[in-house]
Amino acid sequence: MKVHLTRRYLFSASHRLHCDGLSEPENQATYGKCNNPHGHGHNYALEVTVSGQVDPATGMICNLSDLDRSVQSEVLERFDHENLNYRSEFDGLVPTTENLSEVIFNILKQSFTAAHLEKVRLEETMMNSFEYAGGAELRV
Ligand code: NI
């Protein structure tokens, strides 16, 4: 019996959307207010979905505390209250929430192995969210 488990985590980070390969006017036209040189912050909600067979002995697909430990040490401690533009994970990569979703998925794919990582879903605001389920080359 395969079951999906989704767990939700909260963290805050700032970013400025800016592409070094574009001119200032092009950046402003592309990213609008999100190109403001001083950046801005988001309270992100991260949903991590894993799947696996239910262990008949425990009745669980994995231990939530193991998932919490991986997300805490590998994702939240890395990005919470950070400026994403200054993180090495975003060297040469615009810290959009699309890219942040992919970075987080690839980090967890390597660090959490107790169950199959299905996808991450990242809410940037109440109005938009992004999902990534793998498929691109690893960037971490
Ligand atoms: Ni933003």
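Calculation notes
Residues numbered from 1 in each chain as written. Predicted model: local features only at pLDDT ≥ 70, side-chain atom pairs only at ≥ 80, totals over all residues. Heavy atoms only, no water. Helix = DSSP H or I, 4+ residues; strand = E, 2+ residues; numbered from the N terminus. Buried < 20%, exposed > 50% of the residue type's maximum accessible area, 1.4 Å probe, protein only. Pairing = 2+ DSSP bridges. Contact = heavy atoms within 4.5 Å. Axes fitted to C-alpha atoms, helices over the stretch in contact; angles between N-to-C directions. Donors = N, O, S within 2.8 Å, 3.2 Å for Na, K, Ca; no water. Phe/Tyr/Trp six-rings, centres within 6.5 Å; stacked < 30°, edge-to-face > 60°. Salt bridge = Lys/Arg side-chain N within 4 Å of Asp/Glu carboxyl O. Lys, Arg positive; Asp, Glu negative; His and termini not counted. Polar contact = N/O pair within 3.5 Å; in protein donor to acceptor, adjacent residues only side chain to side chain.

Colleague: With reference to specific residues and values, describe the side chain of His18.
Modeller: Along the chain, His18 falls in the loop between β1 (2-15) and α1 (24-31). Classification of His18 by relative accessible area gives buried; the value is 17%.

Colleague: An account of the sheet that holds strand β2 (residues 40-53) is requested, with residue identities and associated values reported.
Modeller: Strand pairing in a sheet takes place through backbone hydrogen bonds and is either antiparallel or parallel in direction. One open sheet accounts for five strands, arranged β3-β1-β2-β4-β5; its pairing is mixed. The open sheet is flanked by β3 (82-83) and β5 (129-132), the only strands paired with a single partner. Relative to β1, helix α2 (residues 64-79) is tilted by about 20°, and along the sheet it contacts β1, β2 and β3. Docked against the sheet, helix α3 (residues 97-111) engages β1, β2, β4 (116-123) and β5, running at close to 150° with respect to β4.

Colleague: Pulling in residues and values, what's your account of the coordination of the nickel ion?
Modeller: Protein coordination at the nickel ion: the donors are His15 (NE2), His40 (NE2) and His42 (NE2), at 2.0 to 2.1 Å from the metal. Between consecutive donors of the nickel ion, the numbers of intervening residues give the motif H-x24-H-x1-H. Highlighted residues: His15 in strand β1 and His40 in strand β2, separated in sequence by 25 residues. Judged by relative accessible area, which is 2%, His15 ranks as buried.

Colleague: Talk me through the packing of aromatic side chains; I want residue IDs and the actual numbers.
Modeller: Considering all chains together, one arrives at three aromatic pairs under this definition. Taken together, a centroid distance of 5.1 Å and an interplanar angle of 25° make the contact between Phe11 and Tyr44 stacked. One end of the pair, Phe11, is in strand β1; the other, Tyr44, is in strand β2, with 33 residues separating them in the sequence. The pair formed by Phe11 and Tyr44 is uniform in burial state, with each residue classed as buried.

Colleague: An account of the pattern of salt bridges is needed here, citing residue identities and associated values.
Modeller: The final tally for this structure, using the stated rule, is twelve salt bridges. Across the pair Lys2 and Glu118 runs a salt bridge, and its minimum N-O distance is 3.6 Å. Here the residue Lys2 occupies a position in strand β1, and Glu118 occupies one in strand β4, the gap between them amounting to 116 residues. Between Arg121 and Glu47 there is a salt bridge whose closest N-O contact spans 3.3 Å. You can see Arg121 sitting in strand β4 and its partner Glu47 sitting in strand β2, a full 74 residues away along the chain. Look at Glu47 and you get buried, because its relative accessible area is 18%. Taken together, the salt bridges that share partners define one network made up of Glu74, Arg78, Glu82, Arg87 and Glu89.

Colleague: Can you tell me about the pairing of β5, naming the residues and giving the values?
Modeller: The two faces of a sheet get side chains in turn, since along a regular strand they alternate between them. Where burial is concerned, the two faces of β5 differ: the one with Phe130 and Tyr132 is buried and the one with Ser129 and Glu131 is not. Judged from the four bridges that link them, β4 and β5 form a sheet pairing that is antiparallel. Paired with Arg121 across the two strands is Glu131, which belongs to β5. Linking β4 to β5, which pair antiparallel, is a turn of five residues.

Colleague: How would you explain the side chain of Arg16 if you had to name every residue and give the values?
Modeller: Within the secondary structure layout, Arg16 lies in the loop between β1 and α1. Glu24 is the oppositely charged side chain nearest to the buried, salt-bridge-free Arg16, at an N-O distance of 4.0 Å. A distance of 3.5 Å separates a polar atom in the side chain of Arg16 from the backbone oxygen of Asn36. Excluding its chain neighbours within four sequence positions, the residues that come into contact with Arg16 are Glu24, Cys34, Asn35, Asn36, Pro37, Gly39, Asn85 and Pro95.

Just geometry here; none of it tells us what the structure is for.
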